[in-house]
Amino acid sequence: MIQLNHIRSAYLGILLLSGTVATPIQADQHASDPFAQDDRPAADYALHKTRKARQVLAFTGIGEGMTVIDMEASGGFYTEIFAKTVGRGGTVHMQNPPFFDGFAGDAIKARVANGRLPNVKQMRTAFDTLPVADSSVDVVTWLLGPHELWFYPEGVEKGILGDPDKAFNELARVLKSGGHFIALDHRALAGAPAETGGTVHRIDDKIIIERAKAVGMILTEQSDLLANAEDDLVKNVFDPSIRRNTDRFLLKFTKQ
């Protein structure tokens with residue numbers, strides 16, 4: 001049987017929903033304050049602070065009318081923020097591999113129940129298959145997830161979540177010229193192999209930088225917003241002594 005416990009714990013905060021949300025958001029509520037109190041899952045509000053979500057949003061450069069892909073959106077914590085930022089003239093694709101249905105399915109359904117986020121489209125694909133047109137996306141975000149490209153769940157075909165080479169090619173294909181790819185992840189020791197992503201759920205940021213560069217994207221900005229010099233960079237990110245306080249890198253790439 002497929003073991004999902006260690007993935008499930010990664011998103012526990014996202015999946016602590018207070019019940020099915022069902023009240024549609026009116027169009028004039030979009031493109032207002034994306035952090036205002038409303039009908040979203042109550043657990044989101046605590047995560048706004050711990051994830052420094054307002055500052056992360058500012059770093060992404062996402063704005064009204066844009067088309068965004070929220071890679072590995074899981075229960076949609078950031079999807080909701082992006083949807084309210086781009087407004088009714090924009091679109092947010094909530095991407096999750098079908099494999100995630102086993103632990104995030106109910107949270108995903110609740111997030112978009114009864115059309116409450118009308119500008120959100122679900123994208124149920126592997127990371128290396130993004131069913132949108134070439135050069136059609138303004139921003140692709142991948143927050144706390146690029147390391148998953150090297151995670152191989154027990155009991156299923158290796159690479160079920162997506163091939164790393166193909167995934168980065170897809171990111172470059174869908175982005176407009178001048179569009180941005182935002183990568184946020186748990187930092188591993190410098191020189192750590194990519195496979196660290198499948199063991200302690202960390203990745204050396206240089207691996208992401210090199211792969212993005214290889215597909216025509218250049219690093220244009222980086223932030224220490226979520227840095228933590230006290231993290232030893234080797235503990236599993238679910239270790240209670242470091243969970244939710246890991247040293248995380250935040251990178252912005254621009255497609256040439």
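Calculation rules
- Residues numbered from 1 in each chain as written.
- Predicted model: local features only at pLDDT ≥ 70, side-chain atom pairs only at ≥ 80, totals over all residues.
- Heavy atoms only, no water.
- Buried < 20%, exposed > 50% of the residue type's maximum accessible area, 1.4 Å probe, protein only.
- Helix = DSSP H or I, 4+ residues; strand = E, 2+ residues; numbered from the N terminus.
- Arc of directions from axis to C-beta.
- Contact = heavy atoms within 4.5 Å.
- Phe/Tyr/Trp six-rings, centres within 6.5 Å; stacked < 30°, edge-to-face > 60°.
- Polar contact = N/O pair within 3.5 Å; in protein donor to acceptor, adjacent residues only side chain to side chain.
- Core = buried A, V, L, I, M, F, W, Y, C linked by side-chain atoms within 4.5 Å.

(A) Structural view of helix α8 (residues 205-214). Considered for burial, the residues of α8 that qualify are D205, I207, I208 and A212. With its buried residues spanning 155° around the axis, α8 presents them on a single face. In α8, those exposed residues whose orientation departs by more than 90 degrees from the buried face are E210, K213 and A214. At its buried positions, α8 is contacted by α7 (164-174), β5 (175-186), β6 (217-223) and β7 (248-255).

(B) Structural context of the packing of aromatic side chains. Here the structure, examined in full by the defined rule, presents 6 aromatic pairs. A ring pair is formed by F77 and Y78, whose centres lie 4.9 Å apart and whose planes are at 80°; its orientation type is edge-to-face. Between F127 and W142, the ring centres sit 4.8 Å apart and the planes meet at 55°, which makes this aromatic pair tilted. With F127 in the loop between β3 (120-124) and β4 (137-143) and W142 in strand β4, this residue pair connects regions lying 15 residues apart in the sequence. Classification of W142 by relative accessible area gives buried; the value is 0%. Clustering of aromatic rings is evident, with ring pairs tying together F77, Y78 and F82.

(C) Examining α7 more closely. Residues of α7 that are buried include every one of P164, A167, F168, E170, L171, A172 and V174, and no others. In this structure, the buried residues of α7 make contact with β1 (67-71), β4, β5, α8, β6 and β7. Between a side-chain oxygen at the N-terminus of α7 and the backbone nitrogen of D165 the separation is 3.1 Å; the capping residue is D163.

(D) Highlighting the nonpolar core. One finds I69, F82, V140, L171 and F181 to be the most contacted residues of the largest nonpolar core, which totals 64 residues. Looking at which element gives the most residues to this core, the answer is helix α5 (residues 77-86), with 6 residues. If we ignore the near neighbours within four places in the chain, the residues touching F181 are V140, W142, F168, L171, L175, I208, M217, L251, K252 and F253.

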